[in-house]
Amino acid sequence: MESESEPYVRLATLRQVHQAVADLNTARSLADTLQTVADGVVSGLGYELAAVNLVRPDGDLVVAAVAGSAGAEAFLAGRVGSRVSWERRLAMGDRWGELRFIPYTEGWVLDDDDVPQWRTTGPAPRFPDEWHPMDRLFAPMHTAGASGGELLGVISVDKPRNGRRPGAWGREALQMYAFQAAVAISNAHLRANMQRALVRLEREGQALRASEESFRQAFEFAPSGMAIAEMGGDQHGRLHRANDALCRLLGRSASQMRRYSFSDLVHPEDIGTLLRTSAEGGRAELRLQRRDGSYVWVSLRNSVVADAADGPRYLLTHVEDIEDRKRHELQLAHRASHDSLTGLPNSAELRARLSSRLCSRPPGSDAHAAATLSPFGRLDGFAEVTSLVSTAGYGHGFGGQGVPDRAPQPSGDEHAAEPAGEYRTGDGFWDGGAYDHHEHTVALDETSDDGSKGLAVLFCDLDGFKSINDRFGHHTGDAVLIEVARRLTSGVRDGDTVARLGGDEFVVLADGLGRADAEDLAVRLRNAIIPPIRVDGRAVRVGASFGIGWAGCGMSADEVLRSADQRMYVEKRSRAKAGRRAG
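In this text, all values refer to a predicted model and were calculated from it rather than measured experimentally.

Cut-offs applied
Residues numbered from 1 in each chain as written. Predicted model: local features only at pLDDT ≥ 70, side-chain atom pairs only at ≥ 80, totals over all residues. Heavy atoms only, no water. Phe/Tyr/Trp six-rings, centres within 6.5 Å; stacked < 30°, edge-to-face > 60°. Helix = DSSP H or I, 4+ residues; strand = E, 2+ residues; numbered from the N terminus. Buried < 20%, exposed > 50% of the residue type's maximum accessible area, 1.4 Å probe, protein only. Lys NZ or Arg CZ within 6 Å of the ring centre and 35° of its normal. Pairing = 2+ DSSP bridges. Contact = heavy atoms within 4.5 Å. Axes fitted to C-alpha atoms, helices over the stretch in contact; angles between N-to-C directions.

### Re the packing of aromatic side chains
- Counted according to the given criterion, the structure contains four aromatic pairs.
- The interplanar angle of 55° and the centroid separation of 5.9 Å between the aromatic rings of Phe75 and Trp118 together place this pair among those described as tilted. Placement of Phe75 in helix 3 (residues 70-76) and of Trp118 in the loop between helix 5 (104-107) and strand 6 (136-142) is noted, with a sequence separation of 43 residues between them.
- Assessed through its relative accessible area of 34%, Trp118 is described here as partly exposed.
- Here the aromatic cluster, defined as three or more aromatic residues joined through ring pairs, consists of Trp96, Phe101 and Trp131.
- One Lys or Arg, Arg79, reaches over the ring of Phe75 and ends 4.6 Å from the middle of that ring.
- Its guanidinium or amino end placed over the ring of Trp86, Arg89 lies 5.8 Å from that ring's centre, counting from NZ or CZ.

Structure below.
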């Protein structure tokens, strides 16, 4: 079971990895990119030493960048290992997804091959997953981002700062980073080729036709999307050309693409990001609309192609598909906020969801009343306000005339998670300054049932779970927890939250319930848990005790959970006494 602090550690690690990946796209040259790759392993992934081995045109691998040790850099940089020796290494050891791990018990046979090595000393491991100085871990990089592509290079790492071999989390982070490093190195190659083509266009007047053909091929056959847009005039921002990769990415033909500018295709929530992106050297991560109405995450990079006599002529935009990276980030964030055993929201996520419904103003206070009412009545349902700025003539280069027969619309669930009745700015931040549209939560009165509705917090503790764990083992106990989680989730509404607080404790958040409704829900959930659970051919039973608390503004999440927990123990003791009297 995860400790309560582990999600925060994972979120901190995720931020470091995200920063390291973002730094990959800031390097201006291939050499800078390679060094940034090595530095990112040390700064973001928790290793003390990293080297980037790049495949040369002849197939051998040269140590192109080293980070973490000046001595290792002086010894390794520029040295070459044969392709045969590297292929032997990548075929050995344990396969951790795309990673290759060679433990010291097997790697001794590689000590005398021609691959440059930096040997470190240290004691033998004291426990199974401790890192040995002669352990080897490699992260291959391929041009297609997976093992099916051509080998681009290999990242080799050493000396994890925690002294242990990486677990599933560390392996996933290193594998994702190697994927992004391969993309960055490929893009560095592509940018270098494009820059050389553009220089030839400016300096080689006699070879203009040949240079234009070279540019055309680099543009048309680039593995990622590219577009050329008009700058200035009535057609400012209009797409002049789009390569095949961009057309495939957006599901539109080249002729259709010429009808739009990027401002016509961008997601409504990302228009502000687009307008703030400069024409020269500007970068942005945003969503573009496909022909079927769905959206894809892309990274845009701009450069201005200028004419010596007339000034800027058109805008060259490189469009990179980053959907997989965004998906990986969401997956990592989900793992940090959800229980690894049951898949339910964990304790940190439960408190975050509960806190989002609460504020510090207790019901009945002057501040509460002022925030709830205005001279025009309640402010619930205040419409979303988005400010769009006219873009004609500005330097970002993305503006353009609209297409009358088409206006991109957000998908139906685009704002499903937005808080009701809150003012939303064009930048996507919730503004509680001038207008407070927070819908205040009021805890129900425990002494009377006047038909009011509120946010019920049901604290569930399993009865008899410890004896199952002690008698049949943790495997059976884990299976019971998974089945209980499934039964609880099946017994609530779609908008309710079922979370695992820890151990055999679960919490249900259900809004819009009266006291009788909450009591009925507790009875239904208890009855759903009671039936036998079969594990490995054996039927086991657990009971459940529920305590019902009510959340309200002026309370903290911990106070709400503590109140429900206390009611659960009262209910558990009363049932135990009733059982003894019955006996």
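### A word on the sheet that holds strand 7 (residues 151-160)
- What the seven strands build is an open sheet, ordered 3-2-1-7-6-5-4; its pairing is antiparallel. Bordering the open sheet on either side are strand 3 (80-81) and strand 4 (94-96), each of which pairs with just one other strand.
- As paired elements, strand 4 and strand 5 (residues 99-102) share three bridges and run antiparallel to each other. Paired with Asp94 across the two strands is Phe101, which belongs to strand 5.
- Along the sheet face, helix 2 (residues 30-44) touches strand 1 (47-55), strand 2 (61-67) and strand 7 and points at about 150° away from the line of strand 1.
- Strand contacts of helix 4 (residues 83-91): strand 1, strand 2, strand 3, strand 4, strand 5, strand 6 and strand 7, with the helix running at about 110° to strand 6, the strand carrying the most contacts.

### Some thoughts on the sheet that holds strand 15 (residues 454-463)
- If you walk across this open sheet you meet the four strands as 16-17-15-20, and the pairing is antiparallel. In the strand order of this sheet, the two ends are held by strand 16 (497-502) and strand 20 (543-551), each with one partner. Taken over all neighbouring pairs, the strand axes of this sheet differ in orientation by 25° on average, direction set aside.
- Relative to strand 17 (residues 505-513), strand 15 is paired through seven bridges, and the arrangement is antiparallel. When the sheet's bridge partners are listed, Val457 is paired in strand 17 with Leu509.
- Taken strand by strand, helix 16 (residues 474-490) contacts strand 15, strand 16, strand 17 and strand 20, and its axis lies near 5° from that of strand 17.

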